[in-house]
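# Fold and geometry: a report
Now for the letters of each chain:
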Amino acid sequence: MYNPNQDILETIKSKGNDETFKQVRSRERSPFSPFNTIVRGEVVQMMQKVHQARSPRSRAIDESFNAPLTTNEEKWLRNPNRLDYPGVDTIPATTMKKKGKAAAYTLLKFKDLHHFTEGRYKLKGSTMGAFYPLGKKKFKKEKRKIERNDGSTYEYTISTPTISYKPEIHISKESKKRENPSRHSHTIAHEVGHAIDHAISQRQVKEYIDKRDSKPQKHSKNLAAHFKDQMESVSNHMRGSYRLTKSEKESKYASLYKHHEQYRDSPSELYADLMSSMIMQPRATKRMVSPDLYLMLQNDMMGILGPKWKKNMKKKFKDAKYTIEEGMVIKK
Ligand SMILES: [Zn+2]
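Residues numbered from 1 in each chain as written. Predicted model: local features only at pLDDT ≥ 70, side-chain atom pairs only at ≥ 80, totals over all residues.

### A short note on the overall build of the chain
Along the chain, the regular secondary structure elements total 13 helices and 7 strands. Counting every position in the chain, which comprises 332 residues, the buried fraction comes to 35%. By sequence separation, contacts in the chain at least 24 residues apart represent 74% of the contacts at least 6 residues apart. (Helix = DSSP H or I, 4+ residues; strand = E, 2+ residues; numbered from the N terminus. Buried ≥ 20, exposed ≤ 12 C-beta atoms within 10 Å, placed from the backbone. Contact = placed C-beta atoms within 7 Å.)

### With respect to the nonpolar core
Ala103, Leu107, Val192, Ile196, Leu274 and Met275 are the most contacted members of the largest nonpolar core, which has 37 residues in total. Of all the secondary-structure elements, those providing two or more residues to this core are helix 5 (93-108), strand 3 (129-132), helix 7 (181-210), helix 8 (219-244), helix 11 (267-280) and helix 13 (291-305). With 8 residues, the top contributor of residues to this core is helix 11. Counting residues in each nonpolar core, the second largest holds 5 residues, with Val43, Met47, Tyr85 and Val88 among its members. (Core = buried A, V, L, I, M, F, W, Y, C linked by C-beta atoms within 7 Å.)

### As for the environment of methionine 275
Among the secondary structure elements, methionine 275 is positioned in helix 11. The buried category is assigned to methionine 275, around which 28 C-beta atoms lie within 10 Å. A C-alpha to C-alpha distance of 7.8 Å links methionine 275 and valine 192, two positions 83 residues apart in sequence. With sequence-adjacent residues up to four places away left out, methionine 275 is seen in contact with Val192, Gly193, Ile196 and Met301.

### What to know about the confidence of the model for the chain
Overall, the prediction assigns the chain a mean pLDDT of 71, with 58% of residues at 70 or greater. For the chain, the element scoring lowest by mean pLDDT is strand 7 (residues 325-326), at 38; helix 13 scores highest, at 93. Within the model, pLDDT remains below 50 along residues 243-259, and this stretch shows 21 contacts once partners closer than five positions in the same chain are excluded. (pLDDT = per-residue confidence, 0-100.)

### Re the environment of leucine 297
With respect to the element layout, leucine 297 can be found in helix 13. Discounting residues that sit within four places of it in the chain, leucine 297 has contacts with Leu274 and Met278.

So, in C-alpha cells, the structure goes:
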C-alpha cells in the first residue's frame, strides 16, 4: 500500500540530522516548548506541506491549542492531532497576537483598574512592555480613615486622580519589530498578567479594609508562597522566547539584561508569565501545572476578564475606547 508519509520519512532519513532545530533554553532544565524553539530547513517545510494537505477544519482544530511537542517526524506523522511539531501545527503567531490583544482590550475596560495606586515607570533599555495602572495623568495622595465594627480605626492613603485617567499598556517598537511575532504577543499578554495581578490585589485590599486585620500581600506573592516551583517552570517556557529573539540593542545592554533576568524571578514577574501562558495556551498550561493551581489561575483570568473575553479576538481595535498603544516609547 502506498503511504505518502513513508516517502517523506525516507527523504528525511537520507538527509540525516542537519541543523533543523534550534532550541534556546533559558535554563538547563527548561523544557522544550513552542516559545523556545525555532525550526528551520527542508524537513520542516516537508512537515508543513503535510499539514497543509489536511482539511481546513482539521487544521484549524489542531492549531487551536498546543498539544505536547515532538521533533520526531515519524511520531508526529502517525498522530498529528495528539502531538505538535514546532512551527507546523502549533498555535500560529497571528492567533496568539489576537489573543493577547483581546485580553488587553477586555481588561482595560475593567473598572477596578481605576483604583490602582502603584507607581509608574518608563520604558527604557531592553524593556519591551509596561503596564501603567494610572495612565499618564496626575494624581494626588489623600489620607482616609475607616472605622471598624469594634470601634478601632484604620488609616490608609489613596491616590486620587486630579483629572480623568485610564490604565494603559505600552508595547515598545522593539517588540513589534521582532522576527518572532510570538514574542510580541507574549509581551502584551505578560503586561495583561501584571494588570490582572493588580486588579485581584486591589480587590483583596478592599476586602481587608472591610473586615480583615492583617494587610494582604500582593496576589502574586501569596500564590508564590505555595506554587513557586510551578510558576518558575512555566515562566521558563515563556522566557525561552526572549533569548531566541534577543535584539542587537539588547545584546548591547548585556549588563542591563542580566539585571532583567534577576528581577524576572520575582513573584509578580513569574505570575505575569504564568498568566501570559494561560491566555496564549491554556491547554498546554493545564498540562504544566497542578490541578489546584490551574483552577486558581482560571478563576483569576475569568474573574477579571470574564468568560467571554475571547469574542474580542474578532474586533478591530481601531475604535476601542481604551487603546493599546503600540510602537510607543516613553523617554525620561
Ligand atoms: Zn513584567
